[in-house]
Amino acid sequence: LGLAYVPAVLVVMNVAYSLSAYPAGWLSDRVNRWGVFAVGAALLVAADLVLAFGASVAVVGLGVALWGLHMGFTQGLLAALVADTASAAQRGTAFGVFNLVTGLAMLVASVLAGILWDRGGPALTFLTGAALTAAAGVVAFALHALKKIDGRGAAAARG
């Protein structure tokens, strides 16, 4: 994709993000947030796969739109999950830690993506992104399931 398309990439991604953020937030307030998170993660995996194999401007545009949809489904949701998880007294600290860890992860991811792009090209970069997203999703759901199991056991012990 030529440099002249960079503004179009940003427009497509942000339009998809803005059109999906409110409906995704509305949905996450009414159904299981983890289901909405799964949709967001699946959209990112799909975006990475489309971008890895996209050979035309139209296919790359589809990948970018999926990427924007992923952002709409996950960005507000992640903040809501932090708010749901942290106690009122620790909410400010929780958001600070969340943003610190997110920023550090983005720095590491950007460096890794640059190295992969230089050594293996865009396909390797996006395939690695898809694999890491899938692995992170599995870990997140496993930790969530363990927390639910632990919470039930603790409640039973108290009750």
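Right above here is the structure, for reference.
Bear in mind that the values here come from a model prediction, so they are computed numbers and not experimental data.

(A) Quick look at the nonpolar core. Counting twelve residues, the largest nonpolar core consists of Ala24, Trp34, Val36, Phe37, Leu43, Ala47, Val50, Leu66, Phe73, Leu77, Leu81 and Ala140. The dominant element in this core, judged by the number of residues it contributes, is helix H2 (residues 33–53), at six residues. Leaving out residues up to four positions away in the same chain, Phe73 has contacts with Ser20, Ala24, Val36, Val39, Gly40 and Leu43. If you look at the next biggest cluster of nonpolar residues, it comprises seven residues, including Ala52, Val60, Val64 and Met71.

(B) Region of the structure containing the pattern of salt bridges. In total, this model carries two salt bridges according to the counting rule given. Arg33 is paired through a salt bridge with Asp29; the nearest N and O atoms lie 3.2 Å apart. Here Asp84 makes a salt bridge to Arg33, at a shortest N to O gap of 2.5 Å. Of this pair, Asp84 sits in helix H3 (residues 57–85) while Arg33 sits in helix H2, and the two are 51 residues apart along the sequence. Residue Asp84 is classed as partly exposed on the basis of its relative accessible area of 47%. Among the residues examined, Arg33 registers a relative accessible area of 18% and is labelled buried.

(C) Focus on the side chain of Thr74. In this structure, Thr74 sits in helix H3. On the basis of relative accessibility, which here comes to 4%, the residue Thr74 falls in the buried class. Other than its neighbours up to four places away in sequence, Thr74 contacts Gly40 and Ala41.

(D) Examining the packing of helix H1 (residues 6–30) against H3 more closely. H3 packs onto H1 with a crossing angle of 40° between their chain directions and a minimal axis gap of 6 Å. Crossing handedness for the pair H1 and H3: right-handed. Here Val9, Val12, Met13, Ala16, Tyr17, Ser20, Ala21, Ala24 and Ser28 of H1 come into contact with H3, specifically with Gly61, Val64, Ala65, Trp67, Gly68, Leu69, Met71, Gly72, Phe73, Gln75 and Leu77. For the contact of H1 with H3, a count of residues per class yields 14 nonpolar, six polar and no charged.

(E) Spotlight on the packing of aromatic side chains. Tallying each qualifying case throughout the model produces four aromatic pairs. Aromatic side chains Trp34 and Phe141 sit 5.4 Å apart centroid to centroid with 70° between the ring planes, which places their arrangement in the edge-to-face category. With a gap of 107 residues between them, Trp34 in helix H2 and Phe141 in helix H4 (residues 91–158) connect regions that are remote in the sequence. On the basis of relative accessible area, Phe141 is assigned to the partly exposed category, the value being 29%. Between the aromatic rings of Trp117 and Phe126, the centroid separation amounts to 6.0 Å while the plane-to-plane angle is 75°, which identifies the pairing as edge-to-face. Residue class for Trp117 comes out partly exposed when judged on its relative accessible area of 43%.

About the thresholds
- Residues numbered from 1 in each chain as written.
- Predicted model: local features only at pLDDT ≥ 70, side-chain atom pairs only at ≥ 80, totals over all residues.
- Heavy atoms only, no water.
- Core = buried A, V, L, I, M, F, W, Y, C linked by side-chain atoms within 4.5 Å.
- Buried < 20%, exposed > 50% of the residue type's maximum accessible area, 1.4 Å probe, protein only.
- Helix = DSSP H or I, 4+ residues; strand = E, 2+ residues; numbered from the N terminus.
- Contact = heavy atoms within 4.5 Å.
- Salt bridge = Lys/Arg side-chain N within 4 Å of Asp/Glu carboxyl O.
- Axes fitted to C-alpha atoms, helices over the stretch in contact; angles between N-to-C directions.
- Left-handed = near helix turned anticlockwise from the far one by under 90°.
- Nonpolar A, V, L, I, M, F, W, Y, C, P; charged D, E, K, R; others polar.
- Phe/Tyr/Trp six-rings, centres within 6.5 Å; stacked < 30°, edge-to-face > 60°.

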